Amino acid sequence: MTTRAALLALALAAHGDACFRADTGGCADAGYVDWQSSPEACQVACLSMPGCESFEWRGGTLGLCDLCTAPTPGAPKADAVWGPRSCDAADEPGPVAAASEAVAAAHGVCADPDPERDMRDRLEAAARLSAVVKLLVKDELSKADFAAAASQAAALLERADCAPTPCNGGAILWSTLEMLLLALDGDAARAFPHDVDLYLTSRRRTGTRPRTCARPKARSSVASSSRA
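Engineer: Go over the confidence of the model for the chain with me, naming the residues and quoting the values.
Structural biologist: In low-pLDDT regions, the fine details of the predicted coordinates are not to be read closely. Summarising the model, the chain shows a mean pLDDT of 80, and 77% of its residues fall at 70 or more. Per-element confidence in the chain ranges from a low mean pLDDT of 42 for helix H9 (residues 223-226) to a high of 95 for helix H5 (residues 147-158). Predicted confidence is poor over residues 1-8, with pLDDT under 50, and the contacts of this stretch with residues over four places away or in other chains come to 13 contacts.

Engineer: So what's going on with the packing of helix H2 (residues 39-47) against helix H4 (residues 119-137)? Residues and values would help.
Structural biologist: Running from N to C, H2 and H4 point in directions that differ by 25 degrees, and their axes come no closer than 7 Å. By the angle class used here, H2 and H4 are roughly parallel. Between H2, through Glu40, Gln43, Val44 and Leu47, and H4, the contact on the second element is made entirely by Arg120, Leu123, Glu124, Ala127, Arg128 and Ala131. A per-class count over the contact of H2 with H4 returns five nonpolar, one polar and four charged.

Engineer: Requested: an account of helix H6 (residues 170-185), with residues and values cited.
Structural biologist: The terminal C-alpha atoms of H6, which comprises 16 residues, lie 23 Å apart, in line with the 22 Å expected from a rise of 1.5 Å per residue. Buried residues of H6: Gly170, Leu173, Trp174, Thr176, Leu177, Glu178, Leu180, Leu181, Ala183 and Leu184, and no others. Looking one or two residues past H6, glycine 186 carries a phi angle of roughly 70 degrees, positive in sign.

Engineer: How would you explain the nonpolar core if you had to name every residue and give the values?
Structural biologist: If you look at the biggest cluster of nonpolar residues, it comprises 31 residues, and the most contacted ones within it are Leu129, Leu136, Leu173, Trp174, Leu177, Leu180 and Leu181. Among the elements of the structure, helix H3 (95-111), H4, H5 and H6 are those that each provide at least two residues to this core. The element contributing the most residues to this core is H3, with eight residues. For tryptophan 174, the contacting residues outside a window of four places in its chain are Ala106, Val109, Cys110, Leu156, Leu157, Cys162, Pro164 and Leu198.

Engineer: Account for the packing of aromatic side chains, naming residues and giving values.
Structural biologist: A complete count under the given rule lists one aromatic pair for this structure. Here phenylalanine 20 and phenylalanine 55 contribute two aromatic rings whose centre-to-centre distance is 5.4 Å and whose plane-to-plane angle is 90 degrees, an arrangement assigned as edge-to-face. Here phenylalanine 20, found in the loop between helix H1 (3-15) and strand E1 (21-24), pairs with phenylalanine 55, found in strand E3 (residues 54-59); they are 35 residues apart in sequence, far enough to count as distant. With a relative accessible area of 7%, phenylalanine 20 lands in the buried category.

Engineer: Let's hear about the state of the cysteines: which residues, and what values?
Structural biologist: Inspection of every chain in the model, using the stated rule, returns five disulfides. Covalently, cysteine 42 is tied to cysteine 65 through a disulfide, its sulfur atoms 2.0 Å apart. Every disulfide takes its handedness from the sign of the S-S torsion; for cysteine 42 and cysteine 65 that torsion is 85 degrees, giving right-handed. You can see cysteine 42 sitting in helix H2 and its partner cysteine 65 sitting in strand E4 (residues 64-68), a full 23 residues away along the chain. Looking at cysteine 42, the relative accessible area reads 0%, which means it is buried. Disulfide pairing places cysteine 46 opposite cysteine 52 at an S-S distance of 2.1 Å. Sign of the S-S torsion, about -110 degrees for the bond between cysteine 46 and cysteine 52, identifies this disulfide as left-handed. In terms of burial, cysteine 46 and cysteine 52 fall into one category: buried.

Engineer: Outline the environment of proline 95, supporting the account with residue identities and numerical values.
Structural biologist: Along the chain, proline 95 falls in helix H3. For proline 95, a relative accessible area of 33% gives the class partly exposed. The spacing of proline 95 and leucine 136 is 41 residues in sequence and 9.7 Å in space, taken between C-alpha atoms. Setting aside anything within four residues of it in sequence, one finds proline 95 in contact with Val132, Leu141 and Phe146.

Engineer: How would you sum up the packing of H3 against H5? Please name residues and give values.
Structural biologist: Where H3 contacts H5, the axes come no closer than 9 Å and their chain directions differ by 20 degrees. Of the possible angle classes, the one that applies to H3 and H5 is roughly parallel. Handedness of the crossing formed by H3 with H5: left-handed. On H5, the residues that touch Ala99, Ser100, Val103, Ala106, His107 and Cys110 of H3 are Ala149, Gln152, Ala153 and Leu156. Grouping the constituent residues of the contact of H3 with H5 by class yields seven nonpolar, three polar and no charged.

Calculation notes
Residues numbered from 1 in each chain as written. Predicted model: local features only at pLDDT ≥ 70, side-chain atom pairs only at ≥ 80, totals over all residues. Heavy atoms only, no water. pLDDT = per-residue confidence, 0-100. Helix = DSSP H or I, 4+ residues; strand = E, 2+ residues; numbered from the N terminus. Contact = heavy atoms within 4.5 Å. Axes fitted to C-alpha atoms, helices over the stretch in contact; angles between N-to-C directions. Parallel < 35°, antiparallel > 145°, perpendicular 65-115°, else oblique. Nonpolar A, V, L, I, M, F, W, Y, C, P; charged D, E, K, R; others polar. Expected span 1.5 Å × (residues − 1). Buried < 20%, exposed > 50% of the residue type's maximum accessible area, 1.4 Å probe, protein only. Core = buried A, V, L, I, M, F, W, Y, C linked by side-chain atoms within 4.5 Å. Phe/Tyr/Trp six-rings, centres within 6.5 Å; stacked < 30°, edge-to-face > 60°. Disulfide = S-S within 2.5 Å. Left-handed = near helix turned anticlockwise from the far one by under 90°.

Now the structure itself:
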């Protein structure tokens, strides 16, 4: 077993999702998102992309993550991990429920901003809502169906007692909720009720320096050739 294969096996064992398949490929016809540190992170990227039904993660220095429209695994492929869009597809929420769940996840950040708690749940909620926003922008969903979720999101964004950061998943949740409101009615005042983002406000209040949760290396010219 090569060093890379051993690392992939360890990553798969550590995350342990029964729906993932080792040494199995997929495709990249829905695009790709690199710098993904684990199969779970690649799965979250798939959740945020409309049309993505599965993924192929190969890790490595670039954290290679390919997104695929096919719901079934492809041919055997060494040093690759395949997985579906969701390991619990039957429980995946519909568009309106996804919006409400994103608001609930954001309230969770307000109640407990600890980055070690519920991080993946928050990222998944933001990813699902991102896919919903894309469909709204394309007029593929009825905006009227999201009135209640929009009111809840607007009320949350007005709060000044929350501490969303990139490290606790709050920053992406807040940004996606803002995009939801803009997609629904284009009212920037409602989407951005504060002059300064809460993340910057909390930094000024506490005097802390910005935290870096992950620092990807600069993308090099070998990225495209490494995808083969």
